[in-house]
Amino acid sequence: VEVPPASKVRIVHFSSSEQPAPPRVSVQAAAQAKWELAARLSRTEGKELKPEDRALLSQAAGAGTGNDVVWVFPEGSGPWSWTGLGSEKDMLHLKRSYLLCGWALEGRQVAGLVRALELLKAQFPKSEFELISDRETGMLTMHAALLRPLALDRVHLQALPASYRA
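Source: prediction; values computed, not measured.

Section: the pairing of strand β5 (residues 68-73)
Item 1. Judged by how many residues are buried, β5 sits mostly within the fold: six of six residues are covered.
Item 2. Residues Asp68, Val70 and Val72 of β5 are buried on one face, and the alternating residues Val69, Trp71 and Phe73, pointing to the opposite face, are buried as well.
Item 3. Inspection of the sheet shows strand β3 (residues 10-14) paired to β5 by five bridges, in the antiparallel sense. Bridging across to β5, His13 finds its partner in Val70.

Take a look at the structure:
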């Protein structure tokens, strides 16, 4: 999925309903751990998953609720993860390279999440939408919700930085 300019969003969609339009779509700004689970699932086809992975997957699949769950992996996470690419200095260099282009990494991540919401809303126009954060994605989720409030019926924030708390 392309998000202008030059940003990509990876989406993993768990559909638990047989209906063409699920009653609710839970969009989760996902952290690296969920991408690793999705990668393990694609390699093992679910046969060799740990019990905690099965529980997370069951939760992701909506656990029989008929609702769809979508994991959205913004830039720097998921298939484009920068973890393990180098030292802290190398990571700082990557973040500063965005500034040289006139962007901020966090801005591109929020733009990717907003674009994913727009695409999903276009695909399921009659469904309710909720936006859920992982521990690491609370700030991104909050900013995406502020930019597209009419597209959302609910927002669940798990962990915001101290500077954002009242």
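Details of the pattern of salt bridges
A side chain with one charge can pair with a side chain of the opposite charge if their charged atoms come near.
Item 1. If you walk through the whole model with that rule in mind, you get five salt bridges.
Item 2. Among the ionic pairs, Asp134 bridges to Lys34, the shortest N-O distance being 3.2 Å. With a gap of 100 residues between them, Asp134 in the loop between β6 (128-133) and α5 (138-147) and Lys34 in helix α1 (residues 32-44) connect regions that are remote in the sequence.
Item 3. Look at Asp134 and you get buried, because its relative accessible area is 11%.
Item 4. In this structure, a network of salt bridges that share partners links the residues Arg24, Glu128 and Arg154.

Focus on α5
Item 1. Three or more residues of α5 are buried, namely Gly138, Leu140, Thr141, Met142, Ala144 and Ala145.
Item 2. Buried residues in α5 make contact with β4 (24-29), α4 (105-123), β6 and β7 (154-156).

Some words on the side chain of Ser26
Item 1. Inspection of the secondary structure assignment puts Ser26 in strand β4.
Item 2. Setting aside anything within four residues of it in sequence, one finds Ser26 in contact with Asp68, Val69, Val70, Glu130 and Ile132.

Quick look at α4
Item 1. With 19 residues, α4 extends 27 Å between its outermost C-alpha atoms, agreeing within 8% with the 27 Å of an ideal straight helix rising 1.5 Å per residue.
Item 2. Taken as a whole, α4 has its buried residues at Leu105, Arg108, Gln109, Val110, Gly112, Leu113, Val114, Ala116, Leu117 and Leu120.

Some points on the packing of aromatic side chains
Item 1. Under the definition given, this model contains two aromatic pairs.
Item 2. Where Trp71 meets Phe73, the ring centres are 6.4 Å apart and the plane angle is 90°; that geometry is what we call edge-to-face.
Item 3. Considering the side-chain rings of Tyr98 and Trp103, the 6.4 Å spacing of their centres and the 50° angle between planes classify their relative orientation as tilted.
Item 4. The exposure class of Tyr98 is buried, given its relative accessible area of 12%.

Criteria and cut-off values
Residues numbered from 1 in each chain as written. Predicted model: local features only at pLDDT ≥ 70, side-chain atom pairs only at ≥ 80, totals over all residues. Heavy atoms only, no water. Buried < 20%, exposed > 50% of the residue type's maximum accessible area, 1.4 Å probe, protein only. Helix = DSSP H or I, 4+ residues; strand = E, 2+ residues; numbered from the N terminus. Pairing = 2+ DSSP bridges. Salt bridge = Lys/Arg side-chain N within 4 Å of Asp/Glu carboxyl O. Contact = heavy atoms within 4.5 Å. Expected span 1.5 Å × (residues − 1). Phe/Tyr/Trp six-rings, centres within 6.5 Å; stacked < 30°, edge-to-face > 60°.

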